[in-house]
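# Chains, contacts and geometry: an overview
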Amino acid sequence: MEEHVVADAHDFCCHGCKAVHDLLRDSGLHTYYELEKRPGTKSVANADEARAELFDLPEVREKLVEFNEDGITRVKLHVPQMHCSSCIWLLENLEKLEPAVVRSRVRFGQKELTVNFREGDLKLQDLILLLRRIGYGPQLTAAKGDNKPVGVPRMLYVRLGVAGFCFGNSMLFSFPEYLGADISDAILLKGFSYLNILFSLPVLLFSANGFFSSAFAGIRARRINIDQPIALGIVVLFVRSVFDVLTGVGPGYFDSLAGLVFFLLIGRWYQAYTYQALSFDRTLEDFLPIAVVRLRNGTEEHVGVGDLIQGDRILVRDQELIPVDGILRSGHGHIDNSFITGEPLPIRKNEGEAIRAGGRQRGAAIEVEVLRAFSDSHLKRLWEEHRNVSSERPLMPRTIDAVARRFTVAVLLIALFAGLFWWWYDPSQIWQVVTAVLIVACPCALALSMPFGYGHTIRLLGKRGLFLRDAEVVERMSFIDAVVFDKTGTLTAREAWDMRFTGAPLSEHERSLVRSLARNSTHPLSAVLYSGLKAPLKEVGNVNEIPGQGISGTADGVEVTLGSASLMDAPSFTPEKGEAVVHVALDGRHRGHFIVRKQARAGMGDSVRDVHLGAATYLVTGDLTVDPEVAAMFTPEHTVTGCTPAEKAKFVKQLQKEGRRVMMVGDGLNDAGALLQSDVGVTVSESSAALTPASDAIVDASALHALPRMLRLTRSAHRIVIASLILSLLYNVTGVSFAVSGHLTPLVAAILMPLSSVSVVGFVSLAVWWVARREALVSHT
């Protein structure tokens, strides 16, 4: 007998579901039941669920544990039971059920749950038991590091093959009807008809099963989806055809039924194949243009992180992200793992200890030996996981889903009224008209236009050096009407062509101290000092960098400070336009200042003016003066100097209050607050320090001059998507018009429906490619 429990004015299918309800209520998570009409299903014991104690075995932990530092453990679990937004919400609020959980995140497409927890307070085995109590017991599948793209499901090929086989045979048995042959043998004709019924059964019960499952799932959840009119059309075709054969009215439409399912499955295969290809493009190793400093034969060289191999040594400076798993070989590590665990407190690392990718060094520069190549680290996944939203969400904005649902309602109403009209006018045409309407008006093309349009745009921009976090960024970029630029390290190159010192001359030893401290900073001016001062390097400790102010540290027992006058007791000095000043203090005594004249990146003047044609442009900088070359790019009222990092973020917020859609372009260090505040934050990348969760996009420094063309491409992509939606609607309106008038057979409708999807995909892809070619973002060869 099936269990049934009533408590607190709620019906439960079993005591287990009631226990989950009580647990959620006591933990303040009762809103879980408000997210969906049917937020969960009865949990059934799964044979694939291993015993909880097995998760504590060393060989199992090796597969599941991605990080284990300072009491914080991070595990990745496969949870196939998640199926809706309420599942995501519950699994991402585990810290409310168990205080030892620091953070939990879901990757819905892969059915993966990543949990950071304090293992001193909660054992891995107990975490597994907690998940099972709420109906989400993990399975021991998908080995660690298995990031291979999911291909087209094998069963789809089987269903497609069965439908194609039955379609061909149904057409063979229907040849007499096609050719209008006069066959006097009634038994033979009836035999052909019954064979058609026989061949239609596998199509109905097996090949079309996916459409029925999706349609019934929508009905159970009280939601409309695009498979419901398809399933209804298939059922109507089959019932009408069987009725015609049994009553002797005609041979039925079994060939149309098999053809409909066959072409629908071809559309499903095409969609699955293309989605798989797009997903693969977004997980390539060169997704992020990270550069690092590699130490080789006593020299420093900048290389791409993908070029690192096991055994290489890299230099990691203050505030820089460690891009690979490695071993600390020189210096004192103070690793901030908040990018991985969410815990902000740095962890001290000594020479010889392992460091995981994703940590950020806080303090003096360190040397790290590469333990694993970038392709084997978790950094890319961490980047994708840290979004401004709390977790991974569907790739595309939900607007397209709303359009498809409304369109489906309209189709069902049209089919109903068309059926009523033909029932009154000519009942013999009612089934053909209704089924043709239901088939030809499937909104599949609507749902395909946006993923393909924006996905293709991401791929093309990535090839030109602009790497977007996800497809939603494309849509946000298309609405940008204000672009805010940082100056140092963004508009100006890191390499300076002139540097001089004013004040008491520095000795060789003092120059060595200054150069050694500058080596620990990623600020462009520090890079200039490090490159321009030719002196031996010293070991530096107690490094402290204040964004927008400067850096301090101790070398050879001397306290060294570099930065702005406000950071030390320095006399006021007003530099000339185009010059930047770096003050120097040794043991608290001001010794003078370096004057650095910077040059703008090649082509940036024309690029900023080009951006201004489609959006307002602004300059915000921490410098008090701006050199004439950069100042000429902006109007005086759109130039703001002397900004702290907090003031940059405030400036962006003010523009947003005025109704602007703001893009912030910065170097990723002092501009993190403004990048996060903006609608689209773009980091200019010349080193691994650029990798920050505040960024929506990363642009290679060498490609920054192409930003105006990239913006125009996103705007065109948005217009192309809108055009494809209109094209889809026009197709459906035309098809429905012919179907309602009785001039469209179900077979022709079945062929035209997937062809419309293919045509929309082709139109979107070719149009985006053509615009990119026009903007010189793709090769003309």
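Residues numbered from 1 in each chain as written. Predicted model: local features only at pLDDT ≥ 70, side-chain atom pairs only at ≥ 80, totals over all residues. Heavy atoms only, no water.

This part covers unusual backbone geometry. Notably, D556 is not glycine yet its phi reads approximately 55°, a positive angle. With respect to the helices and strands, D556 occurs in the loop between β20 (550–555) and β21 (558–563). Here D587, not a glycine, exhibits a phi torsion of approximately 55°, which is positive. By the secondary structure assignment, D587 is in the loop between β22 (579–586) and β23 (589–597). Overall, D587 belongs to the exposed group, its relative accessible area being 52%. (Helix = DSSP H or I, 4+ residues; strand = E, 2+ residues; numbered from the N terminus. Buried < 20%, exposed > 50% of the residue type's maximum accessible area, 1.4 Å probe, protein only.)

Moving on, we come to helix α17 (residues 471–478). The buried count for α17 comes to six of eight residues, which makes it a mostly enclosed element. Looking at α17, one finds that the buried residues are A471, V473, V474, E475, M477 and S478.

Pairing within the open sheet is antiparallel, and its four strands lie in the order β3-β4-β6-β5. Two strands bound the open sheet, and with one partner strand each, they are β3 (65–69) and β5 (101–107). For this sheet the average axis-to-axis angle between neighbouring strands, irrespective of direction, equals 15°. Summarising the sheet, strand β4 (residues 72–78) and strand β6 (residues 112–118) pair through seven bridges and their orientation is antiparallel. Within β6, the residue paired with R74 across the bridge is N116. (Pairing = 2+ DSSP bridges. Axes fitted to C-alpha atoms, helices over the stretch in contact; angles between N-to-C directions.)

The next subject is the sheet that holds strand β14 (residues 360–361). Ordered in space as β12-β11-β14, the three strands form an open sheet in which the pairing is antiparallel. Single-partner strands in this sheet number two, and they are β12 (347–349) and β14. Bridge analysis of strand β11 (residues 333–336) against β14 gives two bridges, and the strand direction is antiparallel. Across the sheet, the residue bridging to D336 is R360, located in β14.

On average, residues of the protein score 75 in pLDDT, and 73% of them are at 70 or above. When pLDDT is averaged over each element of the protein, strand β17 (residues 482–485) comes out on top at 94 and helix α13 (residues 379–385) at the bottom at 55. Here residues 34–50 scores under 50 on pLDDT; set against residues more than four positions off or in separate chains, the count is 33 contacts. (pLDDT = per-residue confidence, 0-100. Contact = heavy atoms within 4.5 Å.)

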